[in-house]
Structures are given as structure tokens and as C-alpha cells.
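One letter stands for each residue in the lines below.
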Amino acid sequence: MARGQQLATTVATRGEVTDPLAEAIRLIREGTVRYDDAALYALRDGLLRQDQTRLGQLYAELDQDVEAIQCLRKGHEVDPYNLDSLLALGVSCTNELDQLLALRFLRTWIENHEEYQALLEGVELPREYEYEAWRRQVTELFQRAAEASPNDADVFVALGVMENINRCLAARCQALARACRLRPNDHTVWNKLGATLANSGKSEQAVVAYHQGLELKPNYARSWSNMAIAHANLGKHKDAARLYLSSLVLNPDATHIWNFLQSAVLNMNMDSQYALEATEAWLSEPSQTTV
Amino acid sequence: MMEVVVLGGGVIGLTTALQLLRDPRIPSHLQVKVLAKSFEATCSHAAGAWWIPDPSSPASRFAQASESGARYVRWAKETWKEMQDVEHCRMVPGVRLYLPSALQHGELCLEGPNSLQALVQKFQRLDLAGASGAWPGAPVEVVKGFRGLEPPKSGISFETQFTKMDAYLAHLRGELNRSGRCQLLEREVSSLEEVTAAYSNAVAIVNCCGLTAGTLAKDPTMFAARGQTVLVDAPEQTSDQRPVYVLPQGDGTVAVGGCCLPEPRSPDASASRRVPGREGGWQCPELDQQLAEEILRDAQAWCPALRGRPVLRQSVGWRPFRDPAARVERDPEHPKVIHNYGHGDVGVILSWGSAKEVAEILLAMTQSKL
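Residues numbered from 1 in each chain as written. Chains lettered and ligands numbered in written order. Predicted model: local features only at pLDDT ≥ 70, side-chain atom pairs only at ≥ 80, totals over all residues. Heavy atoms only, no water.

**Section: the packing of aromatic side chains**
Note the threshold: Geometry of aromatic contacts follows a simple scheme: Phe, Tyr and Trp rings, the Trp one being its six-membered ring, pair when their centres are within 6.5 Å, and the pair is stacked under 30 degrees between planes, edge-to-face over 60, tilted otherwise. The numbering of helices and of strands both runs from the N terminus, where a helix is a DSSP run of H or I of at least 4 residues and a strand a run of E of at least 2. For every residue, the accessible area (1.4 Å probe, protein chains only) is compared with the maximum for its type, and the residue is labelled buried under 20%, exposed over 50%, or partly exposed between those bounds. A ring is considered to have a charge above it if a Lys NZ or an Arg CZ atom is located within 6 Å of its centre and within 35 degrees of its normal.
Scanning all chains against the criterion turns up 5 aromatic pairs over all chains. Taking the centre distance of 5.7 Å and the plane angle of 45° together, the rings of Tyr244 of chain A and Phe260 of chain A count as tilted. With Tyr244 of chain A in helix α14 (residues 237–250) and Phe260 of chain A in helix α15 (residues 255–267), this residue pair connects regions lying 16 residues apart in the sequence. Using a relative accessible area of 4% as the deciding quantity, one classes Tyr244 of chain A as buried. Ring centres of Phe223 of chain B and Phe321 of chain B lie 5.5 Å apart, and the angle between their planes is 15°; this geometry places the pair in the stacked category. In this pair, Phe223 of chain B sits in strand β8 (residues 222–233) while Phe321 of chain B sits in strand β12 (residues 311–322), placing the two residues 98 residues apart along the sequence. Take Phe223 of chain B and Phe321 of chain B: they sit in the same class, and that class is buried. Members of the aromatic cluster, connected to one another through ring pairs, are Trp109, Tyr116 and Phe142 of chain A. Lying over the aromatic face of Phe156 of chain A, Arg178 of chain A brings its terminal NZ or CZ to 5.7 Å of the ring centre.

Here is the structure:
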């Protein structure tokens, strides 16, 4: 079923395919993809072939931010006021460490948002390359937006992304936890909370959040990759390798995941050592000496 | 265990290795191997290492309000912070830079966020309208470049620092050795594929070997600019009125410089001055004796105390310039390779900032995606 996403990607990126639905049926007959999800995706994709924003979001779910950014930018050019593409661009640019660009997109999101554009009154656009000024201003804008609308999940997602750029550990986890509370059925929000926890060194808690997201959407490749990274961080390389494989089955085009898989496999024989070290560390804690 | 291989034993390579080991966000089970052709004769060893963006540099990105200009300023500020308490970096008060008219309209940006003012201390403008006589304390290089122009009407004064490079590089190597998690290996590298294959366990390979880095990355935008200095024995020269390119080293010697002469990119055109390395790469060049004499003569003109002093050592290095700016990013074709090269004449000034960028990239390579 997961190959459906892959198909949607394949279909939409192959210029020569004029009829995505026919292509979908052909691939299903070949056995390349399974029927259930694939047909649905192909249909949707056929209808939305020009919708680069949707395709960009799909790429992000497949853990391919570079491609996601390309599509989202095209979508943004077609419809500069589309809030979804602006927020998604802010997220993918943050993942790709292009923080200044992320800040621009996030600020434009506020600028285009009916409810929040008033916040910009009297706020001057920072100078073009002054990263610090951008960072301070956009953070403040989202903090004010969050105060004004404590029930808007999008604002808390954006604030969480913003605090990821700021590397503010507590604030980013809080914002995204709030977003999860407001929108508990959105797998992408759970993944963002998980990734944020993992990047804050809380891999065990991250796994719990990823589980939530994957329960909502089992073929969410990005969350499988992240789950694998969390296990690798915990020194569980055998589990990590298995989870990387789960992600690669869903999207073999994510080349960086193949590299991670290689590292995990090379480290697999270290698992017992990690386990031993972890146990010894626990034993050496003063309160445990009587054990 | 997590392993990272750093290529290059100059200031960029050593600083990058140290940053990765010190970065609190990177797991402490990281081990670093630094591979270099030499740890004793690098381009960094020849640097005067004096803290201003060079006004006569062929590609001074500080000067421009561009993205790379802003990035350079950010890196420089981070480096300044890191180098404040290092004993081999000394503050030089009262540095004066005089502005021939050509420079005033030229590319050195003096005030504003991406400017000289942002990078030095106690910056102030000098009015020289009433001053008479020669240009006291003019930087040698500026004089050379603008000889024959009218004496300047204005100037600037500031406080800045310079670094005694051989001692500083030894200090960095010492810190790496003391970490207990780093090996320095004298080893020449001929291709990225070779390193990737030889260190297949490494999570990343950081390419910091100056001009050779460009060769390894097959980067046609790299070019070399000769830097040459003369070390003069002058024990009484402890406080210097003309510190530009006459830099007391604190041990009774002064480093006298300098130059920044871009070499033609075509290997044929510069055959007489440059020894092409293996596979069209670059190799450390021979000293230019005539240039050394000019440098010394110019310095003596501004600083008579140097006359008749014995020359202890001469140094030459190829500053690894890149057009338009230094490259700090992942290689799109080699997923494990992070590039950190092309810092031109501002390698020391950018060293910690760009090393931190490498740490960020390494973190991103292993971080979870939102």
C-alpha cells in the first residue's frame, strides 16, 4: 500500500506521463504497486497534477526535503498566498539548514494570514542578510500570534519550527506538544514533536511520539526514518537497521537513508557493548550500589 | 563509536577537528582522525594572521552586503569570541589604516553591519587634512598598490589582534592530542573516493585542505594568491607604531609582510612561478627573492628600526581563494563529504565560525527531520 506514495511521486515527476491513472493501472498490473492505496493516490494525483504544493508535502512525508522544496516553491509561485505551502517551506528549509530562507517563508505566512497580518503593523522588514534580526523578529511575531490564538494548531507548529531554529529546547517541545494537543489526528505534527524531542537528546520520548504518528499513518516514511535515528541514538543499531529498512521499503529514493542503513549495519555488532555500557553506567550510580 | 575524518592540517582542519570534539551537541563517543600531508609546513604557517579583512584582497567578501559577506561577518565574530583567551593571539592597539582615495570608493566597507568596524575594537575615523609629510604608518600593501597617489586625507584607527601562527597551530594540535579522542596522521590523499573507501566506518569526511581541497572536489573556481612574509630579528621592536604587516611576534622577532598576488589559473601561464602538483593540483611554491626584498624595503621605509636587522626566516603560502566565497556545505555527489575550504586570506578569522557550520552540518546529517 505504501508504494502508492511512491507511485504518485513517480507519476507526477515523469514528464512524459500524460495520464496518471492509466499509468497507475499499468503499474498495479505489473505488481509494482498494490491496488488499494495506489489507485487512490493516482486518482488524487491525476486531479491535482498541477498542485505542486500537495506534491511537495508528499515529498516531505517521504523524507525528501530537497525535492519537497522544489515543488513547494513552484506551488508558492503559482499561489503566493497559499498558507500551506509557506508553512511547509518553512519546515523543509529548516530541515535543510537554510534558516534564513525558512524565516522569510514563516514571516510571509504571518503576512498572508488574515488573523495575524495585523501583528506586522509598524514592524519593519529586517535588512536582507541580517540573520539575527530576522530570527528575533520572527520569533517574537509567532510568540505574539500564539498568545493571541492559543487554539490555532498551525501557529504552534510554526512556533515549534521557529524555536527549532533558535535551538531553544524547552520552548520548541512545549509549542509542538501544544500543537499535538490541538490537532491529535495529524501524523505530521506528532512526527515534528518526535523529531524535536530527538534533536533535544530525548530519543526515548521521541519514540513514543513517532509511534502515535505511525499509528495514524503507517506508511509515513519520514517517521520510520526518524524512529530508526532515535534507535541508533540509543545504541540499538539492530533495531535501527530494521527501521531504516521499513522506511526504504516505502521510499527507496531517499538516498541518505541508505547511508544511515550502512552505518547501522556496520555498528550492529556493537550493540552488546552499548548495552553493557548502559547497564554499567546504571550500576555505578550511587543509589544503585546495593543492587 | 562514531568516527569523523578531517582532511587538512592547517588552521581550518585543526579548528574543525577541535570544534567537533568540543561541541556539546555532538556525542562524546566521537573520534576524529586528521589526515594531512604535513602538520609543520602548511599555508597557515606562512600567515601574518592579522585581524582585518584584507583591503587589497582579490575577493574580499567582507566588503559586500551579500549573503556571503554576512556569513563571513557572523563567522568572524564567532571566531573572535573563541580566540579571546588564547595566549598566542595578542591585541594590537592603535592600528592605523590610511585611505587613499581609490580605497575610499573601493570595496573595503568601513562602517555598517558587514564592515571593518564590526570586526575590530575602538574603531574611529582620523582626519588627516592638516597632516604633513609622508604617510605615517600606512600599511605596506596599500602603499604598494596605490603608489603615486595623493597622500590620503582621511584614515581610520582601531584596535585588533594578530596571531602567532606556528605557536597557535601547535596549541591546536596540543588540544587535539589532549582530548584523547583524536589522531593526527601524516598521510597524503589523492581522491575523495580513496578516503571514503579507506574509512568506510566514518560517518563524515570533512575536506579542509586548502588548495588541495579544491583539487579533491574538482572545483574550478579555486585559485591561489601568493602570500609571503619575512621574519626579522628585531628585539627592541616591542611596541610598533606601524603594525600593519610589521607584526611583533612577542619573542624578539617581527613578521614583515606582505602581499596578495593572485596567480593565473592556467597552469601554463604561471609555470615559471608555480610548481604544478600531482594531477594538476597545487603545490607549495618556491620563495620569490625579489618580492622578499621589496617587502623588506617597503617595510623599512615605514619602520626605520628594521634597517640592517638580520632576516631569520622567509615564509610563503598559497592562500586558497574561491570565487565567489568559501565553500562550507555537503558534497552533492559524495553524501559523506562535508567541504570546508576556499577561505582565501581570512582562514584564521573565519576558522571557528566555519568549523561551527561544519558541526551544524554533521548534526543535520544525523538529526531527525521535522
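Let's pick the thread back up.
**Focus: the state of the cysteines**
Residue and element names in this part refer to chain A. Put simply, the test is: Count a disulfide wherever a pair of cysteine sulfur atoms falls within 2.5 Å.
One pass over the full model with this rule turns up 0 disulfides over all chains. Unpaired in this structure, Cys173 has its nearest cysteine sulfur neighbour in Cys168, at a distance of 9.3 Å. Overall, the relative accessible area of 14% leaves Cys173 in the buried class.

**Section: the side chain of Glu61 of chain A**
Residue and element names in this part refer to chain A. Heads up, the condition is: By the criterion applied in these results, polar contacts are pairs of N or O atoms within 3.5 Å in which, for protein atoms, one can donate a hydrogen and the other can accept it, and in which residues neighboring in sequence qualify only through two side-chain atoms.
Position of Glu61 among the secondary structure elements: in helix α4 (residues 52–61). A relative accessible area of 8% means that Glu61 is categorised as buried. There is a polar contact of 2.9 Å between the side chain of Glu61 and the side chain of His187.

**Things to note about the pairing of strand β2 (residues 30–36) of chain B**
All names here are of chain B. For clarity, the cut-off: At least two bridges found by DSSP between two strands is the condition for calling them paired. When the strands point away from the viewer, a crossover counts as right-handed if the route from the first strand across the helix to the second turns clockwise.
Among the 7 residues that make up β2, 6 are buried, leaving the element largely enclosed by the rest of the structure. The pairing of strand β1 (residues 2–7) with β2 spans 6 bridges and is parallel. Among the inter-strand pairings, Val5 is bridged to a residue of β2, identified as Lys33. As for the winding sense of the linkage, the β-α-β connection from β1 through helix α1 (residues 11–22) to β2 is right-handed. Bridge count between β2 and strand β6 (residues 182–186): 5 bridges; the pairing is parallel. Bridge pairing links Lys33 to Gln183 in β6.

**Focus on the pairing of β8 of chain B**
Residues and elements named next belong to chain B. Within β8, 11 of the 12 residues are buried, leaving the element largely enclosed by the surrounding structure. Bridge count between β8 and β12: 11 bridges; the pairing is antiparallel. Note on β12: the bridge partner recorded for Arg226 is Trp318. Both β8 and strand β11 (residues 261–262) contribute to a ladder of 2 bridges, which runs antiparallel. Considered in β11, the bridge of Arg226 is made with Leu261. Where β8 and strand β10 (residues 253–257) come together, 5 bridges link them in antiparallel fashion. Bridging from a neighbouring strand, Val232 pairs with Val254 of β10.

**Examining the interface of chain A and chain B**
Put simply, the rule reads: Contacts are assigned to residue pairs that have any heavy atoms within 4.5 Å of one another. Defined in terms of a 1.4 Å probe, buried area is the accessible area two parts forfeit on being brought together, summed over both. One speaks of a salt bridge when a side-chain nitrogen belonging to Lys or Arg is within 4 Å of a carboxyl oxygen belonging to Asp or Glu. Ten residue types, Ala, Val, Leu, Ile, Met, Phe, Trp, Tyr, Cys and Pro, are classed as nonpolar, four, Asp, Glu, Lys and Arg, as charged, and the remainder, Gly among them, as polar.
The partner chain B presents 22 residues to the 32 residues of chain A that form the contact. For the pair chain A and chain B, the summed buried area comes to about 2,200 Å², and 51% of that belongs to carbon and sulfur atoms. Taken together, chain A and chain B are joined by 1 salt bridge. Note that Arg167 of chain A is salt-bridged to Glu360 of chain B, the shortest N-O span being 3.5 Å. Secondary-structure elements contributing two or more residues to the side of chain A that touches chain B are α6 (83–95), α9 (153–166), α11 (187–199), α13 (221–233) and α15 of chain A. The element that contributes the greatest number of residues to the side of chain A that touches chain B is α11 of chain A, accounting for 6 residues. Taken together, the residues of the side of chain A that touches chain B sort by class into 13 nonpolar, 11 polar and 8 charged.

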